[in-house]
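Okay, here's what each chain looks like letter by letter:
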Amino acid sequence: MGGLIQVDPTNLMIEKTLFTLSCLIYLLAAVGYTVNVFGKKEWGGFAANTLRVALLVHTGFLVMRAVNVSRVPFVGHYEFGNLFIWATVLVYVWTEWRLKDKYHAVGAFLMPVVVAYIAYLTVIPALFARITVSSAHNPLPPVLQSFWLKFHVSSSVMGYAGFSLAFATALMWLARTGLESRPDLLKASPFINKLAVSLPRQKTLEEYMYRASVFGFLFQTVMIITGAIWADASWGRYWGWDPKEMWSLITWFVFAVYLHARFTRGWHGKRTVMLVMVGWVTMMFTWLGVAWLLSGIHSFG
Amino acid sequence: MVRENTGLPGQPDAPESPLRQILKFLSSMQLGIILLLLLAAISVYATTKEMNVAIGSIYTSWWFVGIMAFTALNLFLCTVERAGPIWRQVFKPSRAVTVEAIKRMPSHRAIKVSRVGSDPLEAAAGALAVGGLRVSTQEGPDGTVVFGEAGRFGHFGSLITHISILLILLGAMYGALTGFETRGGGYAGESFNVPEGRFQAAISKVTMEYMPEGPQVRPRVISEVTVTRDGRVIKQGKIAINEPLRFEGISIYHSTFLWVPHLTITNPDTGRTEGPVKLYDHDRYFYRDRELYIHTLAFFPDFTMNHQGMPTSRSYATNRPVLAYQVVYPGGTKEPWGLLELNKPLTVETKNGPLELTMVGFENAAVYSISRNLGRPWLFTGSVLLILGLYMSFFLFPRQVYAAFDAKSTSYLVGGRSRNKLGLEQLMDRIEEEIRKRKGE
C-alpha cells in the first residue's frame, strides 16, 4: 500500500483490517439474504442486521482512510469504489428500514451486485494483471483541490447507488417473471417455489425500481451539474466532451427515456426493466469502461 | 386548439389540420424519446473516437447541433403545450366528478358502513383532512363530492425541468455565440494581448508552492496578473488552479506551468556572448554567429537517468536543474542531443564551429486558458431550476382524492390519483381506517 503519504503503521493496519472485515461481513450478509429468499425467513432479520454491522465497519474504514490520507477519501478507483459500495449499502439499508422486512428479498439480489463491486477492488486485480486498483495513499493533485470535489463525488456515488438498487430490482423482476412462466419448475422443485414465493409482485418491483431510478437520476443530475461548475472553474469550460462526461450524459439520457416512457407513455413491464438494465450498464461503463478502454481528462477517476 | 365536432351521432371526428398534426408530432413525447435515444447512440459512437476527432467531426457537426436544436424545439413545444393543462390542474382542478369517474381512478375503494348518521360526508372530509389533504366540497352530477388534494405544486415539476434544460441550452448557445476561447501566458515580467477581449495582461510574479507531501507531488503554481485596457487597470489578482481571475464575463484560468531556462551563448573565437535568453520547451533560438539554432528539448528540475538511459526528473524540486538541448542547422539536420547543467559552461562542437552554452538560471511560466462566457448566469439559473424541477417532479407527489357517499348501499366511494402509487395506497388505507373509526366501525 505504498504511496507518497507516510502512514503510521498502526493506522495502516487498522485501515486494512476494517476493509477486510467489512468485505467479509458484506459477504456474510449476502449469504444471509440468499438463504432468506429461498424460504428461511428467519435469516432475513439476521442478514439485515449483519448488513448494518458491515456498513458501520465500512464507515469506520472510510473514516480511517480519511485520517490516513488527511483528506476526503474520494479519489481513484479504490477510494471511489469503496465510497460507491458504502453508498449503495447505505441507500439499501435506509430503504429496508423504511419499508420494513417486506423487502429483505431485494437484499438477495443487491448483495451479489455489491459483492461484484468488492471483487473489482480485491479479487479481479489479483486475477487480471491489466487491471490495477491502487490502494496507495496519495495526496490530492492540485486540480482536485476544489470545494466542488465533495459535492461532485458524493452526488456521483449516491446516483450510482440508486441505479444499482434499480438494477437489482430489475433482476428480481426478471427472476419473478421467468419463474412464473415455468409452473412445471415450480411444481418440481420446492426450493425454486420458495424463491418464487419470496419475490414481491411485479407491480411492486416496478414501483421500487422506479423510486430507486428517480433517486439515482436526481443525484446523477446533481453530479453532472457540479462537475460542469467545477470544470468551469478548473479548465475554463463547462463541457469538454470528455468520454467520462459523455458517458455520464448517456446514462442520464437512458434514465430520462425510462422515466418519460413510464410517466407519459405508460410503459411498464419488460420494456422498462430492459431500459433500467441498459442504464446500469452505461453507468458501469462510465465508471469502469471509460477508465480502462477510453482515454480522457478524467484520468484521476 | 379544440377539435371541431358537430356532435351528430355516428359522425367521425373532423380531422385535425396539417399544421396541428405537425405541431403535435414535434411536441410529442415519442419524438422526444427517439431524439434522446439518438443522441445517446451517437454519443456512444463518438466516445470510441479520439476526443479531438469526435469534437471536430461529430459534436460540432451541423447534424449533431441540428439534432440538439431539434430536441430543444421538441422540449419547447412540449413545454408550451403542457403549460395550460398543468396550470389548470394546479389552480383549477376538477373538483366535481361523477361516481363512475371515482370508480375508474387508479386507486379506488368502496367502504361499506353500517351507521350513516346525519352528514355522512363529514366523516369523509375529516378522514381526508387527517390524510394531510386540503379539503373542499363540491356539488357534482351525482351529488356532493368531497375533494382533497396535496402537493399540487409538484405538477409544475416537469414544466420547470423542461424550462431549465431550455435555459441551459440557450445559455450554452448564447455563450458560444458571444464568447471566445484562447490561450496566453508567460513568465514574470512578460505580458500578452487578448484582442478578442480588448485587454492586455501583465504577469508580475509566478511562484511555485510545493505540497505538504513534498516535491514529488505536482506543485501548485500561483501567478499575479494585472489586466489593463487602454492603459487603465481593469482587474488585478492572483491566478491558480481552481482559482480563475474573472471580470466582465471573462475568466483567466491557470492551465499549466512551464520551466523557462536562461541561456547564454558565447562564441569562443570572438568572446562575444548573447543572452541570457529565456527559452520555453521546444523553443528555437537562432545563433547568428554560427548560423544555427539552439533547440530546447526539455527541462529537468531534479535530473536523473531512468532505466532506459533517458533523462527524467525525480521530483519538482530544483535539486539538479538540467536542460536537454539540440543543435539544429537551417536545413533541418541535427546534432545529437546534449545535457546542460546549471552554471556549468559547455563547449559544443558544431559543423559551423564551436560555441559555449551556459544555463545561468531558470524560472517558471504560467500558461492560461482565457474565455468569455456570457451565458454563465443562464447556465447557473438553469442548473438550479433543473434540480428544483426534478425534486418537484419526483418528490412532491401531487395527490388528489375524491369521496362520495352512496346512500343506497351505505358505502363511501373513495378514489385517488398520484404518481406515487405506493404512497397513494398508504394514504387510501389511512383514509379508510379513519372513516371506519369516525363511523364507529
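As the structure is a prediction and not an experimental result, all values here were calculated from the model.

Undergrad: Help me understand the sheet that holds strand 7 (residues 220-229) of chain B, please; the structure alone is not making it clear to me.
TA: Residue and element names in this part refer to chain B. An order of 5-6-7-8 is seen for the four strands of this open sheet, with the pairing classed as antiparallel. The open sheet has two edge strands, strand 5 (191-194) and strand 8 (232-239), and neither has a second partner. Direction aside, the axes of adjacent strands within the sheet are offset by 25° on average. As paired strands, strand 5 and strand 6 (residues 199-209) are joined by four bridges and run antiparallel to one another. Paired with Ser 191 across the strands is Ala 202, a residue of strand 6.

Undergrad: Would you take a moment to explain unusual backbone geometry for this structure?
TA: When glycine is set aside, most residues are seen to have a negative phi, and most peptide bonds are trans. Residue and element names in this part refer to chain B. Cis geometry marks the peptide bond from Gly 275 to Pro 276; its omega dihedral reads 5°. By the element assignment, Pro 276 lies in strand 11 (residues 273-278). Of note in this structure, Asn 242 is not a glycine but carries a positive phi near 70°. Phi angles above zero are rare outside glycine, and Glu 248 is one such case at about 50°. By secondary structure assignment, the location of Glu 248 is in the loop between strand 9 (245-247) and strand 10 (250-266).

Undergrad: Got a minute to help me understand the domain arrangement of chain A in this structure?
TA: Put simply, an interface is often sized by how much accessible area is lost when its parts join up. All names here are of chain A. Domains assigned within chain A are domain 1 (1-140) and domain 2 (154-301). Contact with domain 1, which involves 30 residues of that partner, is made by 31 residues of domain 2. Our count for the contact surface shared by domain 1 and domain 2 stands at zero salt bridges. Linking domain 1 with domain 2 are six residue pairs in polar contact (both at pLDDT 80 or more).

Undergrad: Help me understand the pattern of salt bridges in this model?
TA: Once the charged atoms of two side chains with opposite charge are near each other, the side chains can pair. All names here are of chain B. All told, the structure shown has 30 salt bridges over all chains when counted by the stated rule. Here Glu 16 and Lys 24 are joined by a salt bridge, their closest N and O atoms 3.5 Å apart. Judged by relative accessible area, Lys 24 falls into the partly exposed class, the value being 39%. Where Glu 434 meets Arg 438, a salt bridge forms, and the shortest distance between an N and an O atom there is 3.0 Å.

Undergrad: What is the right way to read the interface of chain A and chain B from this model?
TA: Contact with chain A, which involves 46 residues of that partner, is made by 52 residues of chain B. When chain A packs against chain B, close to 4,300 Å² is buried across both sides, 74% of that on carbon and sulfur atoms. Where chain A packs against chain B, one counts two salt bridges. A salt bridge links Asp232(A) to Arg376(B); the shortest N-O distance between them is 3.1 Å.

Undergrad: Hey, could you run me through the sheet that holds strand 20 (residues 399-406) of chain B in this one?
TA: Sheet strands pair via backbone hydrogen bonds, and the direction of the pair is either parallel or antiparallel. Residues and elements named next belong to chain B. Spatially, the five strands line up as an open sheet ordered 1-21-20-3-2, and their pairing is antiparallel. Where the open sheet ends on each side, the last strands, each with one partner, are strand 1 (107-112) and strand 2 (134-140). Averaged over all adjacent pairs, the angle separating strand axes in this sheet is 20°, with direction ignored. For strand 2 and strand 3 (residues 143-150), the ladder comprises seven bridges, and the chain directions are antiparallel. Paired with Gly 140 across the two strands is Gly 143, which belongs to strand 3.

Undergrad: I keep staring at the packing of helix 10 (residues 243-264) of chain A against helix 2 (residues 29-47) of chain B and nothing clicks. Help me out?
TA: When two helices pack together, their arrangement is given by the angle between the helix axes and the distance between those axes. Two elements in contact, helix 10 of chain A and helix 2 of chain B, have axes separated by 9 Å at closest approach and are oriented at 160°. In terms of axis orientation, helix 10 of chain A runs roughly antiparallel to helix 2 of chain B. The element helix 10 of chain A and its partner helix 2 of chain B pack so that their crossing is left-handed. In contact with Pro243(A), Met246(A), Trp247(A), Ile250(A), Phe253(A), Ala256(A), Val257(A), His260(A), Ala261(A) and Thr264(A) of helix 10 of chain A, helix 2 of chain B contributes Met29(B), Ile33(B), Leu36(B), Leu37(B), Leu39(B), Ala40(B), Ser43(B), Val44(B) and Thr47(B). Per-class residue counts for the contact of helix 10 of chain A with helix 2 of chain B are 15 nonpolar, four polar and no charged.

Parameters at a glance
Residues numbered from 1 in each chain as written. Chains lettered and ligands numbered in written order. Predicted model: local features only at pLDDT ≥ 70, side-chain atom pairs only at ≥ 80, totals over all residues. Heavy atoms only, no water. Pairing = 2+ DSSP bridges. Helix = DSSP H or I, 4+ residues; strand = E, 2+ residues; numbered from the N terminus. Axes fitted to C-alpha atoms, helices over the stretch in contact; angles between N-to-C directions. Domains from an automatic or database assignment. Contact = heavy atoms within 4.5 Å. Salt bridge = Lys/Arg side-chain N within 4 Å of Asp/Glu carboxyl O. Polar contact = N/O pair within 3.5 Å; in protein donor to acceptor, adjacent residues only side chain to side chain. Buried < 20%, exposed > 50% of the residue type's maximum accessible area, 1.4 Å probe, protein only. Buried area = accessible area lost by both parts, 1.4 Å probe. Parallel < 35°, antiparallel > 145°, perpendicular 65-115°, else oblique. Left-handed = near helix turned anticlockwise from the far one by under 90°. Nonpolar A, V, L, I, M, F, W, Y, C, P; charged D, E, K, R; others polar.

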